[in-house]
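# An overview of the molecular structure
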Amino acid sequence: MKTFIKFCSILGFILCIFSHSIAADKVDYLKTDWSFKGLFGKFDRGSLQRGYQVYTEVCAACHSMKYLSYRNLSEKGGPEFSVEQAKAIAASFEVVDGPNADGEMFTRPAKLSDKFVMPYENEKAAQAANGGAYPPDMSVLVKARGGGVDYIYSLLQGYETAPAGMILDEGVHYNKYMYGNKIKMSAPLSDGIIEYRDGTTASVEQMSKDVTTFLMWAAEPHLEARHRMGFKAIIYLIILTTLVYFSMKKIWSRVESEV
Amino acid sequence: MSEKNTKRRDFLFTATTAVGAVGAAAVVWPMIDQMNPDASVKALASTEVDVSSVNPGNTITVLWRGKPVFIRRRTQDEIDEARSVKMEDLIHPEKDEDRAKNPEWLVMLGVCTHLGCVPLNDKGDYNGWFCPCHGSHYDTSGRIRKGPAPWNMEIPKYEFVNANTIKIG
Amino acid sequence: MSEHEYKPKSKVGQWFNDRLPLLTLANHLTDYPTPKNLNYWWTFGGILTFCLITQIVTGLTLAMHYIAHADMAFESVEHIMRDVNYGWLIRYIHANGASMFFLAVYIHIFRSLFYGSYKSPREIIWILGIIIYLLMMAAAFMGYVLPWGQMSFWGATVITNLFSAIPLVGEGIVTWLWGGYSVDNPTLTRFFTLHYLIPFLILGLVVLHIWALHVPGNNNPVGIDIKKPSKDTVPFHPYIVIKDGFALLMFMIVFAFFVFYSPNILGHADNYIEANPMVTPAHIVPEWYLLPFYAILRSVPDKLLGVVAMLSAILILAVLPWLDTSKIRSAVFRPLYRQFYWILVADVLILGYVGAMPAEGLYLLIARVATAYYFLHFLVILPVLGFKEKTIPIPLSITEPVLGGNPNLAMAKQKESKIE
């Protein structure tokens, strides 16, 4: 047992070194309490649904989410819109389908099985429309940024007037949390820019939190299932380990040696 | 070692083995289940087919869930032939009325129930379909009449959205 | 293999065994006499077998859904994560499994270094182990390319470019490796093929590794040759099996924490951005298990020499049995070597740390000193130590004190428990 405690402390030491090295250029992000963190972390459904509203009404004008489908909106562990609601949401978008019997492409209302409609045809079109900067796809955005949810949450609220002496080009904005502090995206949120269907006050802070929660789910749609299964798996392993430990003691008691 | 002690040890080993076996089984399931149809396949949309251009006596074939679906606009002769067959003459007795709700239209999976080949139109001894792989003959209702196939060709779930459009699935 | 002939009890068993002696093999494996004083550092062989099998099984299932094409690889990985039944679980086990595999192999290697398990008559076991380790690095590197994220792409670009350091033919070799003029679809497809192949090569080598082990038998913490079977040994089953099982379960708990609660912590965020040949990420770092060698590479200011230094750092291990001139195996009885051993451990950890840091200023200086020390340890300290070191007398057997009531064993035991 003693060896194992030592082993674990060595392991912890190594992990400390590496997590420290990863976090070396860490910034102090704004903090908020995320409901999905921790052993039993779950998403806040209301927040996810509001976050989806922020995404469609604000972000989706420029940012695609190409790995998500409308059916995901009604799946378990997500915003959990009802199937009817998800169908209605899908039907409010037009997708190009085809070719039909005459060999022509046609548009039709989207169905549950369709992927989220993209704001631009392709990456080049997106760049052209945004001054050369490609608004990144948001499907896995949270996992693609070092600071994760805290970074996105802070960035959305990090717009400030540039410090004196800093020269910003046309179409470039100052953001406290952006790498290099220069960002092409103008501040996307302002108080009351949208009206929440559930009556929540749409402050910048609230919207940032909701949309970040939504993005977390989009990047990690099985997070709740993972937490649930993880807890069961670890409890199971602890029970089995205990049983094996006592079996081992019994077996080794036949020879005079300490284990 | 006392009797009691031995028993407890046996119980301990049994319990350990049993708990271990349960865990091993639980681990095997995801490895098996990953081969089942995934969420995107299950959600696959139904197909809508425009049948306005199909004349009586003609068949069109459309793809649904990776399989061919025969949509035949039957002539009156074919309908009469299908409906006059006696049940006891059938290998897999099914009424034509149950297979084609709208007698003019026969919608069925174009897959031979023997080993999955696609039968040929307007062939065979019963004026319906003939499977070239192992010689199964189907009648004008897609019912098996002769050959190794055990069942009639399957009717998928479908509905008429309007007079000219059939939605399969 | 076994000294005494094994005879199956049943007639059928005998008939089968005469034609294919599988039962003899099974009997050899269960009865295999193992030193009874093996500590928990010896359980990592079993843990590594588990890691290899886990990687092969999860890898096979992932390969059923993955598409090795530059345009579709990233998307197919997202498809696995989102739509495939338990796809997220299988992928996270596979991705974190690679890290756990390396964690275990490093402990296994350093155990061997401490107790002198590489010394005669176990040189072949050790060299096979080094080959397995090299193949593991190749498999891990190619596997990291498959999701076709930014780190995949740029890692592949940087590592394949190492070959361009070879004089004259270097450029040609790199083009040949790529199958084009940059890392692209042909590169991805061949990496996938090789990534699929290598684990089975490793599996074959593991069989040889264990075979070679079963000829002289296990080394042990005291590092002396033991008679087998004797009072000093226990049969592999059930004694070692249950002990390995216990250690494996402890290991699995750590593994499960990574998979279920921080599955991406050992990866790099940039790999969730699809590969883009136009933009290089700000910090390119390899996976943590390759960092020490990456630090050695960067500490040498010359391209060719840097590559040579990095490769030598690994290959030097293969000649270790001949560099270490001491006849005593276990560091328990080598007071000086023990000190240097821990300095080496610290040195490798430091190399790993600076490998993750930008190659400039103080970090570069530290990397250079640590690299120099690494080679000094193997090329100078070890050979000299064998002649100069005054070792502690070793006991004659594990169980019995040295004839004449020498208290060395008690001393050794005490030392051992202190060290562990």
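Bear in mind the structure is a predicted one, so any value in this text is a computation, not a measurement.

## Section: the overall build of chain C
- If you tally the helices and strands in chain C, you get 16 helices and 2 strands.
- Relative to the globule expectation of 22 Å for 420 residues, the C-alpha radius of gyration of chain C, 24 Å, shows essentially globular dimensions.
- Among the 420 residues that make up chain C, the fraction classed as buried is 57%.
- Summed over its atoms, the accessible surface of chain C is roughly 18,800 Å², and 71% of this surface lies on carbon and sulfur atoms.

## With respect to a nonpolar patch on the surface
Residues and elements named next belong to chain C.
- A surface patch of nonpolar side chains, about 610 Å² in accessible area, is lined by Trp15, Phe16, Leu20, Leu22, Leu23, Leu25 and Leu29.
- Taken together, the elements giving at least two residues each to the nonpolar patch come down to helix H1 (11–19) and helix H2 (22–31).
- The dominant element in the nonpolar patch, judged by the number of residues it contributes, is H2, at 4 residues.
- With respect to the secondary-structure elements, Leu23 resides in helix H2.

## Remarks on the confidence of the model for chain B
- In the predicted model, chain B carries a mean pLDDT of 90, and 94% of its residues have values of at least 70.
- Predicted confidence in chain B is weakest over strand E1 (residues 47–50) of chain B, with a mean pLDDT of 83, and strongest over strand E7 (residues 136–138) of chain B, with 95.

## So, the sheet that holds strand E3 (residues 67–73) of chain B
Residue and element names in this part refer to chain B.
- Spatially, 3 strands are ordered E2-E3-E4 in an open sheet, and the strand pairing comes out antiparallel. The two strands at the open ends of the sheet, each matched to only one other strand, are strand E2 (58–64) and strand E4 (105–109). Direction aside, neighbouring strands of the sheet carry axes that sit 20 degrees apart on average.
- Where E2 lies against E3, 7 bridges are found, and the strand directions are antiparallel. Residue pairing across strands places Thr59 opposite Arg72, the latter belonging to E3.

## Some points on the side chain of Arg226 of chain A
- Relative to the helices and strands, Arg226 of chain A is located in helix H7 (residues 223–252).
- A residue is classified by how much of its surface remains accessible, and Arg226 of chain A, at 4% relative accessible area, is buried.
- Side-chain polar atoms of Arg226 of chain A contact the backbone oxygen of Phe260 of chain C, separated by 2.7 Å.
- Apart from the residues within four sequence positions on either side, Arg226 of chain A is in contact with Glu220 of chain A together with Trp88, Tyr92, Val259, Phe260, Tyr261 and Pro263 of chain C.

## Quick look at the domain arrangement of chain C
Residue and element names in this part refer to chain C.
- According to the domain assignment, chain C contains domain 1 (24–284) and domain 2 (291–389).
- Each of domain 1 and domain 2 was reduced to a C-alpha centroid, and the two centroids are 22 Å apart.
- If you look at the interface, domain 1 gives 32 residues, while domain 2 gives 30 residues.
- Between domain 1 and domain 2 the total buried area reaches about 2,500 Å² when both faces are included, carbon and sulfur atoms providing 69% of it.
- For domain 1, the biggest contributors to the area lost against domain 2 are Phe110, Phe114 and Lys119; these three give 25% of the whole.
- One can count 2 salt bridges joining domain 1 with domain 2.
- Of all the elements in the fold, those that place two or more residues in the side of domain 1 that touches domain 2 are helix H5 (87–115) and helix H6 (123–145).

## Some details on the sheet that holds strand E6 (residues 129–131) of chain B
- Pairing within the open sheet is antiparallel, and its 4 strands lie in the order E5-E6-E7-E8 (chain B). Each end of this open sheet is capped by a strand with a single partner; those strands are strand E5 (120–121) and strand E8 (144–146) of chain B.

## Quick look at the nonpolar core
- Grouped together as the largest cluster of nonpolar side chains are 150 residues, with contacts concentrated most on Phe102, Leu113 and Tyr374 of chain C.
- When residues in this core are grouped by element, the largest group, 19 residues, is from H5 of chain C.
- Sequence-distant contacts of Phe102 of chain C, that is, excluding residues within four places in its chain, are made with Tyr133, Met136, Met137, Ala140, Trp288 and Tyr289 of chain C.
- Membership of the second largest hydrophobic core comes to 47 residues, among which are Cys59, Val211, Ala218 and Ala219 of chain A.

## Comments concerning the state of the cysteines
- Enumeration over the complete set of coordinates arrives at 1 disulfide over all chains.
- One disulfide in the model links Cys117 of chain B with Cys133 of chain B; its S-S distance is 2.1 Å. Where Cys117 of chain B bonds to Cys133 of chain B through sulfur, the torsion about that S-S bond is close to -100 degrees, and the disulfide is left-handed. With Cys117 of chain B in the loop between E4 and E5 and Cys133 of chain B in the loop between E6 and E7, the pair connects residues that are 16 residues apart, well separated along the chain.
- Overall, the relative accessible area of 22% leaves Cys117 of chain B in the partly exposed class.
- Left without a disulfide partner, Cys59 of chain A is nearest to the cysteine sulfur of Cys62 of chain A, which lies 9.1 Å away.

## Let's talk about the interface of chain B and chain A
- Contacts between chain B and chain A engage 17 residues on the former and 12 residues on the latter.
- Here chain B meets chain A over a buried area of about 1,200 Å², counting both sides, of which 69% is carbon and sulfur.
- Three residues stand out in chain B for area buried against chain A, namely Leu12, Thr16 and Val19 of chain B, and they jointly supply 35% of the buried area on that side.
- Taken together, the links from chain B to chain A amount to 0 salt bridges.
- For the pair chain B and chain A, the number of links is 3 residue pairs in polar contact (both at pLDDT 80 or more).
- Secondary structure elements with two or more residues in the side of chain B that touches chain A: helix H1 (3–33) and helix H2 (39–42) of chain B.

## A few points about the environment of Lys231 of chain C
- Examined against the element boundaries, Lys231 of chain C turns out to sit in the loop between helix H9 (185–214) and strand E2 (233–235).
- The sequence separation of Lys231 of chain C and Ile398 of chain C amounts to 167 residues, and the corresponding C-alpha distance is 8.6 Å.

## Brief notes about helix H3 (residues 83–91) of chain A
All names here are of chain A.
- By the burial criterion, the buried members of H3 are Ala86, Ile89 and Ala90. All buried residues of H3 project into a common sector of 100 degrees when viewed along the axis, lining one side.
- At its buried positions, H3 is contacted by helix H2 (45–57).

Thresholds, definitions, all that
- Residues numbered from 1 in each chain as written.
- Chains lettered and ligands numbered in written order.
- Predicted model: local features only at pLDDT ≥ 70, side-chain atom pairs only at ≥ 80, totals over all residues.
- Heavy atoms only, no water.
- Helix = DSSP H or I, 4+ residues; strand = E, 2+ residues; numbered from the N terminus.
- Rg over C-alpha atoms; globule rule 2.2 N^0.38 Å.
- Buried < 20%, exposed > 50% of the residue type's maximum accessible area, 1.4 Å probe, protein only.
- Areas by Shrake-Rupley, 256 points an atom, 1.4 Å probe, with all protein chains shown as cover.
- Patch = residues over 30% accessible without salt bridge, like charges linked within 9 Å, V, L, I, M, F, W, Y side chains within 5 Å.
- Salt bridge = Lys/Arg side-chain N within 4 Å of Asp/Glu carboxyl O.
- pLDDT = per-residue confidence, 0-100.
- Pairing = 2+ DSSP bridges.
- Axes fitted to C-alpha atoms, helices over the stretch in contact; angles between N-to-C directions.
- Polar contact = N/O pair within 3.5 Å; in protein donor to acceptor, adjacent residues only side chain to side chain.
- Contact = heavy atoms within 4.5 Å.
- Domains from an automatic or database assignment.
- Buried area = accessible area lost by both parts, 1.4 Å probe.
- Core = buried A, V, L, I, M, F, W, Y, C linked by side-chain atoms within 4.5 Å.
- Disulfide = S-S within 2.5 Å.
- Arc of directions from axis to C-beta.

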